[in-house]
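Chain by chain, the residues run as shown.
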Amino acid sequence: MIRFIDPLNRLGSRLLEVEKPARYTGGEYGALAGKEAALRAAVVFPDLYELGMSNQAFRIIYNGLNRIPGISCDRAFAPAPDFEGLLEEEGIPLYGLDTGIALADTDLLLFSLGYELGMGGVLSVLDHAQIPLHARDRRPRDPVVIMGGPCVSNPLPYSLFIDAFWIGEAEAGFFELCGKLLELKRAGAPRRELLALTSSHPHVWVPGKPGVVRAVWNGFGRTRAEAAVFPLPNIKIVQHHGAVEIMRGCPNGCRFCHAGFWYRPMRQKPAAAIIREAEECIRLGGWREVSLSSLSSGDYCGVDDLVSTLNRRWGEEHVSFQLPSLKVSGFSLSLLSKISEVRKSGLTFAVETPGDMEQLSLNKRAALDETVSIIRTAKQSGWRGVKFYFMVGLPLTAPGLSPDQAGPPGMLEEEKIVSFIMEAAERTSSRFHINAGTFVPKPHTPYQRAAQLDEEGAWKKLHHIQDALKSRGHKVGVHNPFVSLLEGIIARGDERVGPVLEKAYRRGCRLDAWSEHINTGVWRDLAGEEALLVRELTGARAAGEGLPWSVIESGVGEAYLIQEAEYSEKSKLTSPCMKKCTHPCGVCGGGAGIVQNIIQNEVEDPAVERAAPAPEKPAGGAPVSAGQTFRMLFSFFKRETAVFVSHLGVIEVFAASARRAGIRGSYTQGFNPLLRLDFASPAALGLGCEADIAAMDLEVPLDPEDFIRLMNGALPPGFGINAAELFTVPLGRKKYSPASLLWGFRYADSLVPAKEEKNWRIKKAAGNLFGLTRRAVLASEKDAPPEDYFSIFRRFYKTPGPG
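Keep in mind that this is a model prediction, so the values were computed, not measured.

Colleague: Honestly, the overall build of the chain in this entry has me stumped. Any pointers?
Modeller: The helix and strand inventory of the chain stands at 24 helices and 23 strands. In the chain, 77% of the contacts between residues at least 6 apart in sequence involve partners at least 24 apart. For the chain, the accessible surface area stands at approximately 32,200 Å², while carbon and sulfur atoms represent 53% of it.

Colleague: Would you mind showing me how to read the sheet that holds strand 2 (residues 71–77) here?
Modeller: Through backbone hydrogen bonds, the strands of a sheet pair up, either in parallel or in antiparallel fashion. Ordered in space as 2-1-3-4-5-6, the 6 strands form an open sheet in which the pairing is mixed. Pairing within the sheet leaves two strands with one partner each, and these edge strands are strand 2 and strand 6 (204–205). Two strands pair when backbone bridges link them, and strand 3 (residues 108–112) and strand 4 (residues 144–148) are joined in this way by 5 bridges, in the parallel orientation. The residue of strand 4 that forms the bridge with Leu110 is Ile146. Strands in contact with helix 3 (residues 56–66) are strand 1 (39–45), strand 2 and strand 3; relative to strand 2, the strand with the most contacts, it is inclined by about 155°.

Colleague: What is the right way to look at the packing of helix 9 (residues 271–283) against helix 10 (residues 303–314) in this model?
Modeller: Two quantities define a packed helix pair, namely the angle between the helix axes and the distance between the axes. Viewed as axis vectors pointing N to C, helix 9 and helix 10 meet at an angle of 35°, and their least axial separation amounts to 11 Å. Remark: the crossing between helix 9 and helix 10 carries right-handed chirality. In this structure, helix 9 contributes Ala271, Ile274, Ile275, Ala278, Glu279, Ile282 and Arg283 to the contact, and helix 10 contributes Leu306, Thr309, Leu310, Arg313 and Trp314. A class-by-class count of the residues in the contact of helix 9 with helix 10 yields 8 nonpolar, 1 polar and 3 charged.

Colleague: Just checking my understanding: could you explain the pattern of salt bridges for this structure?
Modeller: Oppositely charged side chains may form a pair once their charged atoms are brought near each other. Counting across every chain of the model gives 41 salt bridges. Put simply, Glu89 and Arg14 hold a salt bridge, and the shortest N to O gap is 2.7 Å. Of this pair, Glu89 sits in helix 4 (residues 81–90) while Arg14 sits in the loop between helix 1 (7–10) and strand 1, placing them 75 residues apart in sequence. We classify Arg14 as partly exposed; its relative accessible area is 23%.

Colleague: Whenever I open this one, the sheet that holds strand 14 (residues 386–392) confuses me. Can you help?
Modeller: Taken in spatial order, the 4 strands make up an open sheet running 13-14-15-16, and their pairing is parallel. Either end of the sheet is taken by a strand with one partner, and the two such strands are strand 13 (347–352) and strand 16 (475–478). On average, each strand axis in the sheet is inclined to that of its neighbour by 20°, with strand direction left out of account. Across 4 bridges, strand 15 (residues 433–438) lies against strand 16 in parallel orientation. Across the sheet, residue Ala436 finds its bridge partner in strand 16, namely Val478. Packing of helix 13 (residues 368–380) onto the sheet brings it into contact with strand 13 and strand 14, and relative to strand 13 it is tilted by some 170°. In this fold helix 15 (residues 455–470) packs onto strand 14, strand 15 and strand 16, with an angle of close to 170° to the strand it touches most, strand 16.

Colleague: Quick question: what am I supposed to make of the pairing of strand 11 (residues 289–293) here?
Modeller: Moving residue by residue along a regular strand, the side chains alternate between the two faces of the sheet. Extensive coverage of strand 11 is indicated by the burial of 5 of its 5 residues. What you see with strand 11 is no split at all: Glu289, Ser291 and Ser293 on one side and Val290 and Leu292 on the other are buried throughout. Summarising the sheet, strand 8 (residues 242–245) and strand 11 pair through 4 bridges and their orientation is parallel. Residue pairing in the sheet places Val244 in a bridge with Leu292 of strand 11. Bridging between strand 11 and strand 12 (residues 320–322) involves 3 bridges; their strand directions are parallel. The residue of strand 12 that forms the bridge with Glu289 is Ser320. Following the backbone out of strand 11, through helix 10 and into the adjacent parallel strand 12, one traces a crossover that is right-handed.

Colleague: What's the story with the nonpolar core in this structure? I'm lost.
Modeller: Nonpolar side chains in soluble globular proteins tend to be buried together. Ranked by internal contacts, the top residues of the largest apolar core, which has 109 residues, are Leu65, Phe83, Met119, Met147, Tyr158, Phe174 and Trp523. Not counting residues within four places of it along the chain, the set of residues in contact with Met119 comprises Leu113, Met147, Tyr158, Phe161, Ile162 and Leu501.

Colleague: Looking at this structure, how should I read the environment of Ala273?
Modeller: Here Ala273 lies in helix 9. On the accessibility criterion, Ala273 (13% relative accessible area) is buried.

Colleague: Help me understand unusual backbone geometry, please; the structure alone is not making it clear to me.
Modeller: Excluding glycine, residues mostly have negative phi values, and the peptide bonds linking residues are mostly trans. For the bond from Phe230 to Pro231, the omega torsion is -10°, close enough to zero to count as cis. Along the chain, Pro231 falls in the loop between strand 7 (212–213) and strand 8. Between Arg264 and Pro265 the backbone carries a cis peptide bond, its omega angle lying at 0°. Its place among the elements puts Pro265 in the loop between helix 8 (258–262) and strand 10 (267–268). The residue Glu352 is not glycine, and still its phi comes out positive at about 70°. Mapped onto the fold, Glu352 is located in strand 13. Here Glu352 falls in the buried class, since its relative accessible area comes to 10%. If you check the backbone angles, His444 has positive phi at about 65° while not being a glycine. Tracing the sequence through the fold places His444 in the loop between strand 15 and helix 15.

Colleague: Teacher, can you tell me more about the packing of aromatic side chains here?
Modeller: The geometry of an aromatic ring pair is captured by the separation of the ring centres together with the interplanar angle, meaning the angle of the planes. Tallied over the full model, the rule gives 25 aromatic pairs. Considering the side-chain rings of Trp314 and Phe321, the 6.2 Å spacing of their centres and the 50° angle between planes classify their relative orientation as tilted. Take Trp314: its relative accessible area is 0%, and that puts it in the buried class. Aromatic pair Phe439 and Tyr447: ring centres 5.8 Å apart, planes at 90°, arrangement edge-to-face. Neither residue differs from the other here; Phe439 and Tyr447 are each classed as buried. Positioned above the aromatic ring of Phe482 is the side chain of Arg524, whose terminal nitrogen or guanidinium carbon lies 4.1 Å from the ring centre. Geometry around Phe745 places Arg774 over its ring, the cationic atom sitting 3.7 Å from the centre.

Colleague: Looking at this structure, how should I read the side chain of Ser124?
Modeller: Mapped onto the elements, Ser124 comes out in helix 5 (residues 119–128). Not counting residues within four places of it along the chain, the set of residues in contact with Ser124 comprises Pro79, Glu84 and Tyr505.

Colleague: Looking at this structure, I do not really get the environment of Thr223. What am I missing?
Modeller: With respect to the helices and strands, the residue Thr223 is situated in the loop between strand 7 and strand 8. Thr223 gets classed as partly exposed once you look at its relative accessible area, which sits at 47%. Measuring from C-alpha to C-alpha, the distance between Thr223 and Lys269 comes to 9.2 Å, with 46 residues separating the pair along the chain.

Colleague: Would you mind going over helix 7 (residues 191–199) with me for this structure?
Modeller: Residue pairs three or four apart in sequence face the same way in an α-helix, which turns once every 3.6 residues. Within the sequence span of helix 7, burial applies to Arg191, Leu194, Thr198 and Ser199. Buried residues of helix 7, seen end-on, are gathered within an arc of 130° and therefore sit on one face of the element. On its buried side, helix 7 packs onto strand 4, strand 5 (164–166), helix 6 (174–186) and strand 6.

Colleague: In this structure, what is going on with the side chain of Asp105? I would like to understand it.
Modeller: On the secondary structure map, Asp105 appears in the loop between helix 4 and strand 3. Among the polar contacts made by the side chain of Asp105, one reaches the side chain of Arg3 at a distance of 2.8 Å. Apart from the residues within four sequence positions on either side, Asp105 is in contact with Met1, Ile2 and Arg3.

Colleague: It is not clear to me how the state of the cysteines should be interpreted in this structure. Could you clarify?
Modeller: Each disulfide is one covalent bond, formed between the sulfur atoms of two cysteines. Taken as a whole and assessed by the stated rule, the structure comprises 0 disulfides. Cysteine Cys577 remains unbridged, with the sulfur of Cys585 as its closest cysteine sulfur at 5.7 Å. Assessed through its relative accessible area of 10%, Cys577 is described here as buried.

Colleague: Help me understand the environment of Pro716 in this model?
Modeller: The topology assignment puts Pro716 in the loop between helix 23 (704–714) and strand 21 (719–729). C-alpha of Pro716 to C-alpha of Glu28: the two residues are 688 residues apart in sequence and 5.6 Å apart in space. Apart from the residues lying within four places of it in its own chain, the contact partners of Pro716 are Gly27, Glu28, Tyr29, Asn234, Val653, Ser657 and Arg660.

Calculation rules
- Residues numbered from 1 in each chain as written.
- Predicted model: local features only at pLDDT ≥ 70, side-chain atom pairs only at ≥ 80, totals over all residues.
- Heavy atoms only, no water.
- Helix = DSSP H or I, 4+ residues; strand = E, 2+ residues; numbered from the N terminus.
- Contact = heavy atoms within 4.5 Å.
- Areas by Shrake-Rupley, 256 points an atom, 1.4 Å probe, with all protein chains shown as cover.
- Pairing = 2+ DSSP bridges.
- Axes fitted to C-alpha atoms, helices over the stretch in contact; angles between N-to-C directions.
- Left-handed = near helix turned anticlockwise from the far one by under 90°.
- Nonpolar A, V, L, I, M, F, W, Y, C, P; charged D, E, K, R; others polar.
- Salt bridge = Lys/Arg side-chain N within 4 Å of Asp/Glu carboxyl O.
- Buried < 20%, exposed > 50% of the residue type's maximum accessible area, 1.4 Å probe, protein only.
- Right-handed = clockwise from strand over helix to strand, strands pointing away.
- Core = buried A, V, L, I, M, F, W, Y, C linked by side-chain atoms within 4.5 Å.
- Phe/Tyr/Trp six-rings, centres within 6.5 Å; stacked < 30°, edge-to-face > 60°.
- Lys NZ or Arg CZ within 6 Å of the ring centre and 35° of its normal.
- Arc of directions from axis to C-beta.
- Polar contact = N/O pair within 3.5 Å; in protein donor to acceptor, adjacent residues only side chain to side chain.
- Disulfide = S-S within 2.5 Å.

These values are about where atoms sit, not about what they do.
Next up, the structure:
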């Protein structure tokens, strides 16, 4: 029997005992999974909600599976320790947020692992879903557990716990595999048959299976794909913006970069497709910031024209577009001005290592002169902060030397980093934010056989950088080199790592991506117990020595990786990947290959216009006269799962819903324009609202009935507009806020309808308010019977009421 968990009924007020209860209640706009389906799946991100809801791969799988008739794919995230404890005390299994299905009752449980230390979250999810940790112990009623993501380029460390691994990109066959599993399930097939079919797939690895080839989606940039917009969070997430993937793979071939080699070949999406997906992010998602994401967005062909087109279409609606991955070499100063037209954020430079020869060894360029020129121009354009990323311990030495000896004669690498920053600061009159970490060798890269710098040597270098630059006014953050050591052990480990991961989890380790959660004491104890294994896995691998991850074929040939390692020793550049390739790595062929956007000579290219028509204007009529304010006063309710959304979350919910509804709101001026929303009073977590008061300023007048209809069609479940009235405030007239006219609230039991006035009472708003709901009381009501909420505003603004 399938179990469905209703957290409001099962946990009730106890949800207020945990941090951010909205992580666990669902109720987001655009939730897609349904309770009725032949094949039930759940995609799980093994970290907190705020990280998982920011993950593009997670959304691709969730949206892709829910488009297949007969499949319902719910979603879940790793619980924080406080919620783990609550589940254990109440005896409740971990569940999906859309339908409440117990994860143990799904047919497929799908993990996407993007960070090695996220494995503690995987084990926590399995444990609190009441699914056996070890794959061999799973029962016929348990789901088939499948893992994908970049970390499974070496699946051996995780093989103790996972039934099967999808190797590569989900769009390249995974959804078709799930369609076949659906047919089996409809025919009544048991778990063992589902697992057998999964294991037989050419892109699936299971223990003992050699030569599994990475799946590469040849349709990227060639086949129309729907944007993975849904669902939309009710609380702020780590990457709180829409995202359009404009390019997959990277042409540059930085020799330390795992993603750059793992996601080859470079494929670019046509401009028309990007414009269409951006419109979906704005119109369906309500986002006012959209990231044009890739590993190196500046290498997208025609990126300047693309950003110009996007700005022209949506700049007036206060939508900004960001390019998160721009390299110093070839940086376009005109592009810098274009991405700052609506909103300016900080600049980030991933220099890695500052020496010219060392940069050539890495197969990248980030020259000091270019960097200085960009910073000067950015400052003139009003950009504020500049951040630099560096790594220590890169294998930039002659053969036989250890990573702690890196750097040219007479100057160590940490000294060169300090010198680079000091000169850049002096030449630009700036202070920077510097982040430095320790290089971690990764599988399937030219440095996959390199030794990793030990913790003591790394700290020595990082402390030098901190001491030298903090005293000069720079902010310096460092990534704990012991954590980097753990990442390296797992990344290049084998089956012996699995039991170590389980011991760490049993001793309390989980959510290790977060400095406030990682238990380094437990990990240090384990590192001491496994000292020989640690030394082996962090040491150099000899040429010809077998590598654990050789069971996976990334598509990039071993001979090519060896050649690139040799080029690194000689500080020799390899040219970027292009269609006319002079240095084939082996990945192109069999349908896979470079895909480039065709640069349009004119911004207003007819093909683009036909493929992505200009968006309709948002709702609202023409302004009556300049200087007026059109203030829409409205009352709203907040019920069920919505009562666990914080006040800041409520503000963002209404702002995003207004954008989804196409309402032309008025925005503030300055660095970060915000919709002019004014709430009478924040409500405590857990407290319902039946008639709270708020106001929204509009650019143009809008009929209140249209406002109600549009907003109620765009708000998430649990939110709604009761009534609204438009007030025109002439220039120079005081704009009364809802808070200035608020006297207080009346409260009632939210579980018992309070239709009669006598059931509403004045109550001091203190303590646990779960189970109560409130409605606003305006100043005119405190000594008199309630009147409609808008009459007092009519008197102040001297405008007639309806009719």
